[in-house]
Amino acid sequence: MTTTSPSGGSSSDSNDEENIKLTKAEDKSAASSKPPSALFLLTLMVVQNSSTVLVGRYTRSVALDMRYEVRNLILLTEVGKLLVASILEHRLTPISVSIRTHVLSNPIDFLRIMVPALLYLVQNSLLYVALSNLSAPLFQVTYQMKTLTTAVVSVVMLDRRYNITQWLCLLVLGIGVAVVVTGEKPGSSSSAKIDNMFMLKGLSAVAVACLSSALAGVYFEKVLKKHDTKGSDSSPQVSLWMRNVQLAFFSILIAIGQCIYKTNSSSKPFFHGFGPMVYLLLFLQVAGGLLVAAIIKYADNVLKGLATGVSVVVSTFCSMMIFGTPLSVNFVSGATLILGSVFLFSTRGDKPKVSSFVMANDKNPEATVEIGETKKINVLT
């Protein structure tokens, strides 16, 4: 039965008009919340990676008495990450509720994040040591060893499997790093011994940083995917932003302890050496944390591999123009091997074999999709 409104129109017609308006509003909202394009993320990642290396190298090329303390910059960076991650988490769930649920009510899970926080602090500290002793192109290229260390650690900690092509890529990557390093020669014989000491210190810092990065990244991935491997878990799901809040919190505590320990032996003020370029580096580091989260959510390994290659090329050419860094035949050959192996390793991987787990769907519990070879899981529709 159709009723008539006081204005003479039927109530069903007015309801239809309201539904049309709501549909248009939802479509407009969906369009405005459209995920960023791969090209846009690629551009941001290339700019951030290249700028961080170049600005970091520039800020460490000043006289020793004018340099900032790395531990102070790391502390400010973690504070910035904590503030930004808290704001983004608060947009999903009130931050007080998240802290009560994921920290106070589940302290054991919270304390687990202390492990990657300590490893990331070691990595970040060593990266600045490497930038102080290596050229920007040499640092960028040798730091790609983290692909090799991450792969080995993933096999051990996550029982991950790689195909023959990927293992060959890792072998070629190691050869490429060796070619680049052996091609680095001091500029003059009088300073050869000193230059070799600087390069050895820088390369050692890169090697330990790659191992720390691999251990921290794989451990953090294992924590993030804990609910997936267990299937049904009594504890609530922790969002990516809340994990970043926890990670930044422990990083800040460790950095504060480091600053207090070193303050007694240094008479420099906290912001000594901080200038416009250092604050720019601080912004790039904080923005990098957000960008990584966006890459994890919206992108894939193809984008990461492509962005790595492009950023190395961009930073290398910029280093040539800004710092006058010479490029040898060994560097170009080794860099080509490294970048090619990283890209192929990222794009030639098999689809992971997913363990059996269930994501409940009340409306359609029988809806399934095939993942990997023969595994099936229920999916939300």
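Keep in mind it's a predicted model, so treat the numbers as computed, not measured.

**Concerning the packing of aromatic side chains**
At step 1: Within this structure, the stated rule accounts for 10 aromatic pairs.
At step 2: A ring pair is formed by Phe-110 and Phe-249, whose centres lie 5.8 Å apart and whose planes are at 40 degrees; its orientation type is tilted. In this pair, Phe-110 is assigned in helix α5 (residues 107-111) and Phe-249 in helix α12 (residues 240-263), connecting sequence segments 139 residues apart.
At step 3: Residue classification places Phe-110 among the buried positions, given a relative accessible area of 12%.
At step 4: Residue class for Phe-249 comes out partly exposed when judged on its relative accessible area of 35%.
At step 5: Between Phe-249 and Phe-250 the ring centres are 5.6 Å apart and the planes differ by 70 degrees, which places this aromatic pair in the edge-to-face class.

**A word on the confidence of the model for the protein chain**
At step 1: The predicted model of the protein chain has a mean per-residue pLDDT of 75, with 70% of residues at 70 or higher.
At step 2: Confidence drops under a pLDDT of 50 for residues 1-8, and excluding neighbours within four residues, the segment shows eight contacts in the predicted structure.
At step 3: Considering only residues more than four positions removed or in separate chains, one finds that residues 351-381, a stretch of pLDDT under 50, has 33 contacts.

**Points about the pattern of salt bridges**
At step 1: Using the criterion set out here, one finds five salt bridges in the structure.
At step 2: Asp-109 is the salt-bridge partner of Arg-112, the closest N and O atoms lying 3.8 Å from each other.
At step 3: By relative accessible area, Arg-112 is classed as partly exposed at 27%.
At step 4: The salt bridge partner of Arg-161 is Asp-159, with a shortest N-O separation of 2.6 Å. Asp-159 shares its class with Arg-161; the two are exposed.
At step 5: A cluster of three or more residues bridged by salt bridges with shared partners is formed by Asp-109, Arg-112 and Arg-243.

Thresholds applied
Sequence order as written defines the numbering, with residues in each chain counted from 1. With the structure being a predicted model, the display of local features is reserved for residues of pLDDT at least 70 and the display and counting of side-chain atom pairs for 80 or more, all residues being used for whole-chain, interface and lining totals. Each side-chain value is derived from all of the structure's non-hydrogen atoms; neither hydrogens nor water enter the calculation. Working definition: a ring pair exists when centres of Phe, Tyr or Trp rings (six-membered ring for Trp) sit within 6.5 Å. Plane angles under 30 degrees give stacked, over 60 give edge-to-face, the rest tilted. Counting from the N terminus, the helices are DSSP H or I runs at least four residues long and the strands are E runs at least two residues long. Note on exposure labels: buried denotes an accessible area under 20% of the residue type's maximum, exposed denotes more than 50%, and partly exposed covers the range between, all computed with a 1.4 Å probe on protein chains only. Across the chain, each position has a pLDDT score giving the predictor's confidence in that residue, from 0 to 100. Contact definition: two residues touch when any of their heavy atoms are within 4.5 Å. Here, a salt bridge means any Lys or Arg side-chain nitrogen found within 4 Å of an Asp or Glu carboxyl oxygen.

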